[in-house]
Amino acid sequence: MSSDHHDSSGHAAGDHAADIDKHVRVYITVFIALMVLTIITVAISYLHLSVPVAVTIAMIVALIKGSLVAGYFMHLVSEQKLIYAVMALTVAFFVVLLALPVLTHENGYWIPDAAPAAAHSEGAH
Amino acid sequence: MDIPYTVEVRRDTGLNNGKIGIWLFLASEVMLFGALFASYILIRVGSPSWPRGDTILDVPLATFNTIVLISSSVTMVMAWASLMRRQFGKFRIYMGATILFGLVFLIVKYFEYSHHFAIGEYPSHNNFLAVYYTLTGLHMLHVIGGMVVNAYFWGPGAKLYQTNPVWFTNRVEHSGLFWHFVDLVWIFLFPTLYLL
């Protein structure tokens, strides 16, 4: 990099117009993908699938959408190692946090329909 | 005294201080929302019955809000890209659009909340609504916080661009990282609360 001014990604700000143009095209593609995935998420909910299947599909679609936002809008696809280290640590603790209810629940099931003892639980609230 | 490493990159981290700061903050935010999601799972699993979100909440309205928030993420990243191209006028337009999208999101949320309050559906009504208000309420506070910061950079904070455009561009990138995180949280809140 020959510029005096560098942003935190190591890019020379202001003199990489072609790079930025390429980024903008990616942003538009990601935007379209996010819109399509949002429509898919809503459309699937109208199929009234069983809770375990619906949860699985919804979370997979949400994970894809979240990865697109984090990867491209937040530039995680081309970040510095230290950011990856921070994120890896965060993900590890996040997984433990989400696993706690599963581990502490008496029958080990986190989807009501899958729990034999709670098979009757769907319906009125 | 000047703040160090606002523009230039630190050799040991490969980053400027603002960026590592905002990512550490976002890491703490992941744990905050993670704790609430974990609580939601625990409450839902422990409940003898649980309603589908679409039997209580307005899915078309929330779908509209999802599209609004995703659009605001695009305008936010375009605002940063405009600064990278040294197009300050375009930055103002995109940042203004981001703030307006945030405002639209809040207005829609106001109508959603008002409807529930009008029919007596307060947080104390049942566990589902308690979880709904807690998660969406905290998320809404984040939207408001992000809008305040973005409005500062659109208005008085933009003076920095005249004296140090690179520092200003970095600041906008960091506020953008927060804004995208707010979008990311909604991407998970929407299906878990409204559709499942």
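None of the values given here were measured: they were computed from a predicted structure.

### Some points on the overall build of chain B
Counting secondary structure elements, chain B contains 6 helices and 0 strands. Secondary structure of chain B in N-to-C order comes out as α-α-α-α-α-α. Along the first, second and third principal axes, the C-alpha set of chain B runs to 60 × 35 × 25 Å. When each of the 196 residues of chain B is scored for burial, the buried share is 40%. A fraction of 75% describes how many contacts in chain B between residues 6 or more apart in sequence connect residues 24 or more apart.

### Here we look at the overall build of chain A
From N to C terminus, chain A includes 3 helices and 0 strands. Mapped in sequence order, the helices and strands of chain A form the string α-α-α. The burial tally for chain A puts 21% of its 125 residues in the buried class. Within chain A, contacts between residues at least 6 apart in sequence are counted, and of these 46% link residues at least 24 apart.

### Remarks on the nonpolar core
One finds Val77 and Ala79 of chain B to be the most contacted residues of the largest nonpolar core, which totals 64 residues. No other element matches the 15 residues that helix H6 (residues 165-195) of chain B contributes to this core. In this structure, Val77 of chain B is in contact with Tyr27 and Phe73 of chain A together with Gly176 of chain B, ignoring residues within four places of it in sequence.

### Some thoughts on the confidence of the model for chain A
All names here are of chain A. Mean pLDDT over chain A stands at 79; residues scoring 70 or higher make up 70%. Across chain A, helix H2 (residues 51-73) holds the top mean pLDDT of 94, while helix H3 (residues 81-104) sits lowest at 88. Contacts from residues 1-15, a stretch scored under 50 in pLDDT, to residues over four places away or in other chains number 34 contacts. Here residues 121-125 is modelled with pLDDT under 50, and outside its nearest four sequence neighbours on either side it reaches 13 contacts, counting other chains as well.

### Regarding the packing of helix H4 (residues 127-154) of chain B against H6 of chain B
Residue and element names in this part refer to chain B. At their nearest, the axes of H4 and H6 sit 10 Å apart, and the two run at 160 degrees to each other. Accordingly, the angle class assigned to the pair H4 and H6 is roughly antiparallel. In terms of crossing hand, the pair formed by H4 and H6 is left-handed. Packed against H4, whose contacting residues are Tyr132, Leu135, Thr136, His139, His142, Val143, Gly146, Val149, Asn150 and Phe153, the element H6 presents Arg171, Val172, Ser175, Phe178, Trp179, Val182, Val185, Trp186, Leu189 and Leu193 at the interface. Residue classes in the contact of H4 with H6 are distributed as 13 nonpolar, 6 polar and 1 charged.

### Thoughts on the interface of chain B and chain A
At the interface, 54 residues of chain B touch 48 residues of chain A. Among the secondary structure elements, those contributing two or more residues to the side of chain B that touches chain A are helix H1 (17-46), helix H2 (59-84) and H6 of chain B. With 14 residues, H1 of chain B is the largest single contributor of residues to the side of chain B that touches chain A. Its residues assigned to classes, the side of chain B that touches chain A comprises 35 nonpolar, 12 polar and 7 charged.

### As for the packing of helix H1 (residues 17-45) of chain A against H2 of chain A
Residues and elements named next belong to chain A. Here H1 crosses H2 at 165 degrees, and the two axes come no closer than 10 Å. Between H1 and H2, the angle is such that the two are roughly antiparallel. Here H1 and H2 pass one another in a crossing that is left-handed. Residue-level inspection shows Val26, Tyr27, Val30, Ala33, Leu34, Leu37, Ile40, Thr41 and Ile44 of H1 in contact with H2, the latter providing Ile57, Ala58, Val61, Ile64, Lys65, Leu68, Tyr72 and Phe73. The residue inventory of the contact of H1 with H2, partitioned by class, reads 15 nonpolar, 1 polar and 1 charged.

Basis of the calculations
Residues numbered from 1 in each chain as written. Chains lettered and ligands numbered in written order. Predicted model: local features only at pLDDT ≥ 70, side-chain atom pairs only at ≥ 80, totals over all residues. Helix = DSSP H or I, 4+ residues; strand = E, 2+ residues; numbered from the N terminus. Buried ≥ 20, exposed ≤ 12 C-beta atoms within 10 Å, placed from the backbone. Contact = placed C-beta atoms within 7 Å. Core = buried A, V, L, I, M, F, W, Y, C linked by C-beta atoms within 7 Å. pLDDT = per-residue confidence, 0-100. Axes fitted to C-alpha atoms, helices over the stretch in contact; angles between N-to-C directions. Parallel < 35°, antiparallel > 145°, perpendicular 65-115°, else oblique. Left-handed = near helix turned anticlockwise from the far one by under 90°. Nonpolar A, V, L, I, M, F, W, Y, C, P; charged D, E, K, R; others polar.

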